[in-house]
Amino acid sequence: MTGLQDHLHGLWLPLVTPFRDGALDERSLRRLTRHYSGQAIDGFILGATSGEGMTLRAAELKRLVAIVRDEMAAGRRTLPICLGLSGADTSRLKERLDETADWPIDGYLIASPYYVRPSQRGLLAHFEALADHAAWPIALYNIPYRTSVNITNQTLLRLAEHRNIVGLKDCGANREQSIALLRDRPKGFRVLTGEDANYLEALTDGADGGIVLSAHIETATFAAVHAEVKRGNHDAAQARWHEVAELTRLLFTEPSPAPAKYWLWRCGLIDSPEVRLPMVEVSSELAAQIDREIERRMKAAA
């Protein structure tokens, strides 16, 4: 599948990476891929924040992509894949682009350099260098509360002019900046929110979709929210959002993706809630809270 720009809209799932006894859990990964490929999602993000990508070795990341693509090929539906990359060294990231150039992906999701806090000129030069070098299109990832640097709209609009930069995952946590970007962006530059709790708000403001961890749960409802907004049915969208708004808070009560992994384990979609250090599994208090919410939803659906 090619043409990431044409597919970068709707509901994208930042797939969790299942582990078992310290290793990539391939059986659970295949189960997850089969399950979500049959749901109303529009693409997968692999190996990014929700996928604990910074803990994955290069061979594990390659295997992750291969398994997801293989499972989709065996099924009835093929979805686009964006590979999450991050780092604070432009040269090293260019090497990662070379190493992944022939992988069966459709593009990259690349976060701002973390910790070093470059200037806006530095961010511009960094992303232009990567976009010039990449074999696949790039979606930018602006998440200043993790990287300690915000990509300003002035910089984003300059980057949006690059032929190989096609969109943005917006976790800027600044609604005013997001609305201004949506107003001023060039035609075809896609903006997807990455803030689960602000999903409906962002769609109402004009975002093209969302990259939503919480959509591992109640996937159809998150897809319905987007569909209703797109149809202009804002009351219906609000009603569907009401069904999952609390879920977006519960799944981030403790560091993500541990709560989502615990939920998926309890529902049998993965064989272990295991995460990799420095992440730890959910506390007993949150586990009990999630158990109660699962039971409540099961009773409501009965």
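An unreviewed UniProt entry annotates the protein chain as 4-hydroxy-tetrahydrodipicolinate synthase originating from Bradyrhizobium japonicum. Note on the protein chain: under the UniProt heading Pathway (unreviewed entry), the record states "Amino-acid biosynthesis; L-lysine biosynthesis via DAP pathway; (S)-tetrahydrodipicolinate from L-aspartate: step 3/4." In its Subcellular location (unreviewed entry) section, the UniProt entry covering the protein chain states "Cytoplasm".

**Q** Just checking my understanding: could you explain the side chain of S214 for this structure?
**A** In this structure, S214 sits in the loop between β10 (209-211) and α10 (219-230). On the basis of relative accessible area, S214 is assigned to the buried category, the value being 0%. Side-chain polar atoms of S214 contact the side chain of D196, separated by 2.6 Å. Beyond its immediate stretch of four places on either side in the chain, S214 contacts D196, F222, L247, T248, L251 and F252.

**Q** Would you take a moment to explain the pattern of salt bridges for this structure?
**A** Opposite charge on two side chains permits them to pair, given that their charged atoms come into close proximity. Scanning the entire structure with this criterion turns up 24 salt bridges. Between E95 and R92 there is a salt bridge whose closest N-O contact spans 3.0 Å. A residue pair is termed a helical-turn pair when its members lie 3 or 4 positions apart in one helix, as E95 and R92 do in helix α4 (residues 90-99) at three residues. Among the residues examined, E95 registers a relative accessible area of 41% and is labelled partly exposed. Relative accessible area serves as the criterion here: at 38%, R92 is assigned to the partly exposed category. R175 is paired through a salt bridge with E201; the nearest N and O atoms lie 3.4 Å apart. Highlighted residues: R175 in helix α8 (residues 175-184) and E201 in helix α9 (residues 199-205), separated in sequence by 26 residues. One connected set of salt bridges, linked through shared partners, spans R30, R34, D70 and E71.

**Q** Explain the packing of helix α11 (residues 234-250) against helix α13 (residues 284-301) to me, please; I cannot follow it from the model alone.
**A** In a pair of packed helices, the angle between the axes and the distance between the axes together describe the arrangement. Put simply, α11 and α13 touch, their axes get as near as 12 Å, and they point 165° apart. In this view, α11 runs roughly antiparallel relative to α13, as classed from their interaxial angle. Helix-helix and strand crossings are classified by hand; for α11 and α13 the assignment is left-handed. Contacts between α11 and α13 involve E243, V244, L247 and L250 on the former and, on the latter, L286, Q289, I290, E293 and R297. Residues belonging to the contact of α11 with α13 are distributed by class as follows: five nonpolar, one polar and three charged.

**Q** Please explain the nonpolar core as it appears in this structure.
**A** Side chains of a nonpolar character, in soluble globular proteins, are inclined to be buried together. Counting 79 residues, the largest nonpolar core has L15, Y36, F44, Y108 and F222 as its most contacted members. With residues up to four places along the chain from it excluded, the contact list for Y36 reads L13, L15, I41, F44, A215, H216, T219, L264 and L269. Among the nonpolar cores identified, the runner-up in size contains 15 residues, and W12, A111, Y141 and I143 belong to it.

**Q** Sorry if this is basic, but what is going on with the pairing of strand β4 (residues 43-46) here?
**A** Across a regular strand the side chains alternate sides, sitting on one face of the sheet and then on the other. Residues G43 and I45 point to one face of β4 and F44 and L46 to the other, with burial holding for every one of them. Summarising the sheet, strand β1 (residues 10-14) and β4 pair through three bridges and their orientation is parallel. Note that in β4 the partner of L13 across the bridge is F44. The pairing of β4 with strand β5 (residues 81-85) spans three bridges and is parallel. Bridged to F44 within β5 is I81. Where the polypeptide runs from β4 across helix α3 (residues 58-74) and back to β5, its parallel neighbour, the crossover connection is right-handed.

Reading guide: rules and limits
- Residues numbered from 1 in each chain as written.
- Predicted model: local features only at pLDDT ≥ 70, side-chain atom pairs only at ≥ 80, totals over all residues.
- Heavy atoms only, no water.
- UniProt positions renumbered as here; feature names shortened; annotations may be inferred.
- Helix = DSSP H or I, 4+ residues; strand = E, 2+ residues; numbered from the N terminus.
- Buried < 20%, exposed > 50% of the residue type's maximum accessible area, 1.4 Å probe, protein only.
- Polar contact = N/O pair within 3.5 Å; in protein donor to acceptor, adjacent residues only side chain to side chain.
- Contact = heavy atoms within 4.5 Å.
- Salt bridge = Lys/Arg side-chain N within 4 Å of Asp/Glu carboxyl O.
- Axes fitted to C-alpha atoms, helices over the stretch in contact; angles between N-to-C directions.
- Parallel < 35°, antiparallel > 145°, perpendicular 65-115°, else oblique.
- Left-handed = near helix turned anticlockwise from the far one by under 90°.
- Nonpolar A, V, L, I, M, F, W, Y, C, P; charged D, E, K, R; others polar.
- Core = buried A, V, L, I, M, F, W, Y, C linked by side-chain atoms within 4.5 Å.
- Pairing = 2+ DSSP bridges.
- Right-handed = clockwise from strand over helix to strand, strands pointing away.

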